[in-house]
Amino acid sequence: MARLPAFCRDCLHEAGGEPRCLACGSPRLVRHGELDTLHIAHIDCDAFYASVEKRDDPKLRDVPVIVGGGKRGVVSTACYLARVKGVRSAMPMFKALALCPEAVVVKPNMAKYATVGRQIRERMLGLTPLVEPLSIDEAFLDLAGTQLLHGESPARALARLAREVEAEIGVTLSVGLAPNKFLAKIASDLDKPRGFAVIGAGEARAFLAPRGVGTIWGVGKATQERLAREGYRLIADLQAADEATLARRLGNEGLRLFRLANGIDERPVNPERETKSVSTETTFDVDISDFRALEQELYRLTRKLSDRLKAGGHAGRTVTLKLKTADFRLITRAHSLEDPTQLAHRIFDHARTLLQREADGRRFRLIGVGVSELADPALADPADLVDTVNTRRGIAERAVDDLRARFGKEIIDRGIMLDAPRRTGTPQPDRNLSSPDTPPAGPDPVSSSGTPRAEAPRRR
């Protein structure tokens, strides 16, 4: 048999059939028949937020760490020591702490994580311009045609990247290498942490066959139940099905499932993937029913959301309010605007109207606000010859943005916050779908009456 291409992930020395690297003694060898020909990769940072916190605080290095809110919040991420105890992302904090009471809980620092995420992404762009970010800590890469540029195969270039990021930035990566995005995403989860896994085109069908249909991207619990009723529990069931039958039973989704089940994914790596929505939310430490307190928290979130829209070059036509009741019932309400906006006072006005309809004395544990149907910011907030008050408010908000950029975000605030407590809840990680950046928090809505109040300077 011909020797399979192989190399050491620690020193990049070429390897043969031995179990350890002959140059450095490392057992971390990657070996695969298609190793030198594959060029689509998925890179995922290992327990990213927790890894950054461990990097910055040596005392956390050997203890379980959970990044998330207070006892009423949820887990943003957990290190692998906590995951061994059963802690998972999006788990309520009280459940996580019951499973791992010795864990150290760290509140999220999204600005810091965004900075580290950008540093890693700059390294990715050094390999190829074809980088498609999925979030702050993961991306697809297409390294086709880069071998002459780097003087090595895409596989070796990726291993070198992982080694350099770990040594110079202090965060570990897991790499999945495959002929397409679907298989690369699966591969990156096979060998975590510090992983490097390969799925070749020749083995894709056999590799996928024994796995449940939930392995397929986008197949959640409800879809799994529906597929099970149709007789499709394993990917092998979909592989054995007739494509026309799947299309007749499940429509376009059936065609998608058939192709992915057979390892076929023709989607290109798209570096210009559009952000679909931007949002932010917070979970309260104590349930809130008082409208004034909810309004003030909505103001804080809207100001932060507006800053993120401006920093990210986004504007949106649809404003969405999110509430979660004390009994965990989720409520979402939306309002579409005639023109897209990125101004805090416009978002706040419409979100506050939605809030008024729901704040009927019920207790809420979470509030969030977001915008979707994103558009070019050049089209946002046009001057209105009829509604000159709203136009003047926009001009005033931009001026306040300039002051806050020069002198600090707390230099000016609006009257709505004069009686507000310093903190009413625990922030959750911001949602910026299809975008990896999470710019720092920010701007600045209006009073509860819907008209501007005199800004009150805050002394530091």
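Positions within a chain are numbered from 1, following the residues in the order the chain's sequence is written. Two thresholds apply to this predicted model, a pLDDT of at least 70 for residue-level local features and 80 or more for giving and counting side-chain atom pairs, whereas whole-chain, interface and lining totals are computed over all residues. As a rule here, side-chain values come from all non-hydrogen atoms in the structure, and water together with hydrogens is ignored.

Novice: I tried to follow the overall build of the chain on my own but got confused; where do I start?
Specialist: When helices and strands are counted, the chain shows 15 helices and 18 strands. Burial classes: relative accessible area under 20% of the type maximum marks a residue as buried, over 50% as exposed, and values in between as partly exposed (1.4 Å probe, protein chains only). Counting every position in the chain, which comprises 460 residues, the buried fraction comes to 51%. Pairs at least 24 apart in sequence give 69% of the contacts found in the chain among residues at least 6 apart. For the accessible areas, the method is Shrake-Rupley and the probe is 1.4 Å, while residue cover comes only from the protein chains on display. Accessible surface computed for the chain: about 21,500 Å², of which carbon and sulfur atoms make up 52%. Labels follow the DSSP assignment, with helices taken as runs of H or I lasting at least four residues and strands as runs of E lasting at least two, numbered in each case from the N terminus. Contacts are assigned to residue pairs with any non-hydrogen atoms lying within 4.5 Å of each other.

Novice: Got a minute to help me understand the sheet that holds strand 9 (residues 173–178) in this structure?
Specialist: The strands making up a sheet associate through backbone hydrogen bonding, with each pair oriented either parallel or antiparallel. A pair of strands is considered paired only if DSSP assigns at least 2 bridges between the two. If you walk across this open sheet you meet the 5 strands as 7-8-3-9-10, and the pairing is mixed. The open sheet has two edge strands with one neighbour each: strand 7 (131–135) and strand 10 (196–198). Here the average twist between neighbouring strands, direction ignored, is 15°. In this structure, strand 3 (residues 40–45) lies alongside strand 8 (residues 138–142), joined through 5 bridges in antiparallel fashion. Residue pairing across strands places Ile43 opposite Ala139, the latter belonging to strand 8. Where helices are involved, their axes are fitted lines through C-alpha atoms of the stretch in contact, as for all axes, and angles between N-to-C directions lie from 0 to 180°.

Novice: Got a minute to help me understand the sheet that holds strand 4 (residues 65–68) in this structure?
Specialist: Taken together, the 3 strands give an open sheet; going across it, the order is 5-4-6, and neighbouring strands pair in mixed fashion. The open sheet has two free edges, formed respectively by strand 5 (75–78) and strand 6 (104–106), since each of these has just one partner strand. The mean angle between the axes of side-by-side strands here comes to 30°, regardless of whether they run parallel or antiparallel. Of the pairings in the sheet, the one linking strand 4 to strand 5 comprises 3 bridges and is antiparallel in character. Within strand 5, the residue paired with Gly68 across the bridge is Val75. Most of the contacts of helix 1 (residues 48–56) go to strand 4, to which it runs at about 115°, and overall it touches strand 4, strand 5 and strand 6.

Novice: Is there a simple way to explain the packing of helix 4 (residues 110–127) against helix 6 (residues 154–168) in this structure?
Specialist: Relative placement of two packed helices is described by the angle separating their axes and the distance separating the axes. Look at helix 4 against helix 6: their axes get within 11 Å of each other, and the N-to-C directions meet at 155°. Considering their axes alone, helix 4 and helix 6 lie roughly antiparallel with respect to each other. When you trace helix 4 past helix 6, the crossing you get is right-handed. Along the contact surface, helix 4 presents Ile120, Arg123, Met124 and Leu127, while helix 6 presents Ala157, Leu158, Leu161, Glu164, Val165 and Glu168. Following the grouping adopted for this structure description, the nonpolar residues are Ala, Val, Leu, Ile, Met, Phe, Trp, Tyr, Cys and Pro, the charged ones are Asp, Glu, Lys and Arg, and the polar ones are all others, Gly among them. For the contact of helix 4 with helix 6, the residue count by class is 7 nonpolar, no polar and 3 charged. Working rule for angles: under 35 degrees goes down as roughly parallel, over 145 as roughly antiparallel, 65 to 115 as roughly perpendicular, anything else as oblique. By definition, any crossing whose near helix is turned counterclockwise from its far helix by less than a right angle is left-handed, and any crossing with a clockwise turn is right-handed.

Novice: What is the right way to read the packing of aromatic side chains from this model?
Specialist: Between two aromatic rings, the relevant description is the distance of the centres plus the angle of the planes. For Phe, Tyr and Trp, rings pair up if their centres lie within 6.5 Å, where Trp contributes its six-membered ring, and each pair is then called stacked (planes under 30 degrees apart), edge-to-face (over 60) or tilted (otherwise). Applying the stated criterion across every chain, the model contains 6 aromatic pairs. Residues Phe7 and Phe196 carry aromatic rings whose centres are separated by 6.3 Å and whose planes lie at 85° to one another, so their mutual orientation is edge-to-face. Placement of the pair is Phe7 in strand 1 (residues 6–8) and Phe196 in strand 10, with a sequence separation of 189 residues. There is no split in this pair, since Phe7 and Phe196 are both buried. Aromatic pair Tyr299 and Phe348: ring centres 6.3 Å apart, planes at 85°, arrangement edge-to-face. Residue Tyr299 is located in helix 13 (residues 291–312), and its partner Phe348 is located in helix 14 (residues 344–358); the two are separated by 49 residues in the primary sequence. The exposure classification of Tyr299 matches that of Phe348, with both residues buried. Through a chain of ring-to-ring contacts, three or more aromatic side chains come together here, namely Phe48, Tyr49 and Tyr113.

Novice: Just to check I follow, could you spell out the pattern of salt bridges for this structure?
Specialist: Charged atoms that come close allow side chains of opposite charge to pair. Salt bridge, as used here, is a side-chain nitrogen of Lys or Arg placed within 4 Å of a carboxyl oxygen of Asp or Glu. Here the structure, examined in full by the defined rule, presents 26 salt bridges. The salt bridge partner of Arg123 is Glu168, with a shortest N-O separation of 2.7 Å. A residue pair is termed long-range when its members are at least 10 positions apart, and Arg123 in helix 4 and Glu168 in helix 6 qualify at 45 residues. Given the relative accessible area of 28%, Arg123 is considered partly exposed. Among the residues examined, Glu168 registers a relative accessible area of 52% and is labelled exposed. A salt bridge links Glu295 to Arg292; the shortest N-O distance between them is 3.3 Å. With Glu295 and Arg292 both in helix 13 and 3 residues apart, this pair spans about one turn of that helix. The exposure class of Glu295 is buried, given its relative accessible area of 2%. One salt-bridge network, held together by shared partners, links Glu53, Arg55, Asp56 and Lys112.

Novice: Please explain the packing of helix 13 against helix 14 as it appears in this structure.
Specialist: As a packed pair, helix 13 and helix 14 sit with axes 9 Å apart at the nearest point and diverge in direction by 145°. Two packed elements cross with a definite hand, and for helix 13 against helix 14 that hand is right-handed. In this structure, helix 13 contributes Phe291, Leu294, Glu295, Leu298, Tyr299, Thr302, Arg303, Leu305, Ser306 and Leu309 to the contact, and helix 14 contributes Ala344, Ile347, Phe348, Ala351, Arg352, Leu355 and Gln356. By residue class, the composition of the contact of helix 13 with helix 14 is 11 nonpolar, 3 polar and 3 charged.

Novice: Help me understand the confidence of the model for the chain, please; the structure alone is not making it clear to me.
Specialist: Reading fine detail from the predicted coordinates is not recommended where pLDDT is low. Across the chain, the average pLDDT comes to 85, with 83% of residues at 70 or higher. The predictor rates its confidence in each residue with pLDDT, a number between 0 and 100. Counting interchain partners and residues more than four positions distant, the pLDDT-below-50 stretch residues 433–460 has 107 contacts.

Novice: Can you help me understand the nonpolar core in this one?
Specialist: Soluble globular proteins tend to pack their nonpolar side chains together in the buried interior. Among buried residues, those of type Ala, Val, Leu, Ile, Met, Phe, Trp, Tyr and Cys that are joined through side-chain atoms within 4.5 Å constitute a nonpolar core. Ranked by internal contacts, the top residues of the largest apolar core, which has 54 residues, are Phe48, Ile66, Ile120, Leu158, Leu177 and Phe196. Dropping the residues within four chain positions of it, Leu177 is found in contact with Leu35, Leu38, His39, Ile40, Ala41, Ala155, Leu158, Ala187, Phe196, Ala197, Val198 and Ile199. Of all hydrophobic cores here, the second largest spans 29 residues; its members include Ala184, Ile199, Leu208 and Ala261.

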